[in-house]
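Report on the structure
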Amino acid sequence: MKNLNMRTITALSAFAIFAGAMQPANAASRSSSDSVKPVAPTIVSVTQNAPSAKGTSAKTFANIVVTIGTPLPGTRTLVTIKGGRSCKIEAPAISCTISKIKVGKTLQITAKSKFAGSGYGPKSAKYPFTVSPTP
């Protein structure tokens, strides 16, 4: 009986040492780049170029240029419009072009940024924009 208790205690001690080594690291020991996410970028302006007709159906399309505030070094910003179109801005650039947007369409444009090795931070406020027949 005494021998069995000693084996049980030894086995539990060995398991506790092994299980203790397998615990995940706490937040303080992680690198700062893994947990730091940039703040939401601000959309400064949205402009469009002159619309052009495409194809035989005479639908008119325009390209829009989205400009954000000065990004932090090392950030990548994803600018999206509702419906799936997007473009990417890599610092130090401050603008990108989303092409072939139908004239007359009302867009909800948002932007979100990330550092290399981190996830995306919060989205910017929605920026409404209507593509007009004249720029």
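My aim in this report is to walk through the structure given alongside it, one point at a time. What you see is a predicted model; the values in this text were computed from it and never measured.

Calculation rules
Residue positions are given per chain, counted from 1 along the sequence in the order it is written. Owing to the predicted nature of the model, reporting of local features is limited to residues with pLDDT of at least 70; listing and counting of side-chain atom pairs is limited to 80 or more, with chain, interface and lining totals taken over all residues. The basis for every side-chain value is the complete set of heavy atoms in the structure, and neither hydrogens nor water enter the calculation. Helix and strand assignments come from DSSP, with helices taken as H or I runs of at least 4 residues and strands as E runs of at least 2, each series counted from the N terminus. Partly exposed describes any residue whose relative accessible area lies between the buried limit of under 20% and the exposed limit of over 50%, with all areas from a 1.4 Å probe on protein chains only and scaled to the type maximum. Residues are treated as being in contact if the distance between any of their heavy atoms lies within 4.5 Å. Accessible surface is estimated by sampling points in the Shrake-Rupley manner with a 1.4 Å probe; for residues, cover comes only from the protein chains shown. The disulfide criterion used throughout: a pair of cysteine sulfur atoms within 2.5 Å. We treat two strands as partners when DSSP finds at least two bridges between them. Here, a salt bridge means any Lys or Arg side-chain nitrogen found within 4 Å of an Asp or Glu carboxyl oxygen. Under the pairing criterion, centres of Phe, Tyr and Trp rings, with the six-membered ring standing for Trp, must be within 6.5 Å; the plane angle then separates stacked pairs below 30 degrees from edge-to-face pairs above 60, leaving the rest tilted. Here, a charge over a ring means that NZ of Lys or CZ of Arg falls within 6 Å of the ring centre while also lying within 35 degrees of the ring normal.

1. What about the overall build of the protein?
The secondary structure content of the protein amounts to 2 helices and 8 strands. What you see in the protein, going N to C, is helices and strands ordered as α-α-β-β-β-β-β-β-β-β. Here the protein holds 135 residues, and 25% of them are scored as buried. Taking as baseline every contact in the protein between residues at least 6 positions apart, the subset at least 24 positions apart corresponds to 59%. When the accessible area of the protein is evaluated, it comes to approximately 9100 Å², of which 60% is carbon and sulfur surface.

2. Points about the side chain of T110
Secondary-structure assignment places T110 in strand β7 (residues 106-115). We classify T110 as buried; its relative accessible area is 10%. The residues touching T110, leaving out its near neighbours within four places in the chain, are I43, L78, V79, T80, K123, S124 and K126.

3. A word on the state of the cysteines
Counted according to the given criterion, the structure contains 1 disulfide. Through a disulfide, C87 is tied to C96; the S-S separation comes to 1.8 Å. Comparing C87 with C96, the two get one shared label, buried.

4. A few points about the pairing of strand β5 (residues 86-90)
Of the two faces of β5, only one is covered, namely that formed by C87 and I89; the face formed by S86, K88 and E90 stays uncovered. One ladder, built from 5 bridges, connects strand β4 (residues 75-81) with β5; its direction is antiparallel. From the neighbouring strand, V79 faces β5, where its bridge partner is C87. Hairpin connection from β4 to β5: 4 residues lie between these consecutive antiparallel strands, with G83 at a positive phi of about 115°.

5. Here we look at the pattern of salt bridges
Under the criterion given, the structure shown has 1 salt bridge. The residue E90 makes a salt bridge to R76 at a minimum N-O spacing of 3.9 Å. Of this pair, E90 sits in strand β5 while R76 sits in strand β4, and the two are 14 residues apart along the sequence. Overall, E90 belongs to the partly exposed group, its relative accessible area being 48%.

6. Here we look at the packing of aromatic side chains
To describe a pair of aromatic rings, one takes the distance between the centres and the angle between the planes. For the coordinates displayed, the defined rule picks out 0 aromatic pairs. Positioned above the aromatic ring of Y120 is the side chain of K112, whose terminal nitrogen or guanidinium carbon lies 5.0 Å from the ring centre. Of note, K114 hangs over the ring of Y120, and the distance from its end group to the ring centre comes to 5.3 Å.

7. Concerning the environment of A116
By the secondary structure assignment, A116 is in the loop between β7 and β8 (127-130). On the basis of relative accessible area, A116 is assigned to the exposed category, the value being 52%.

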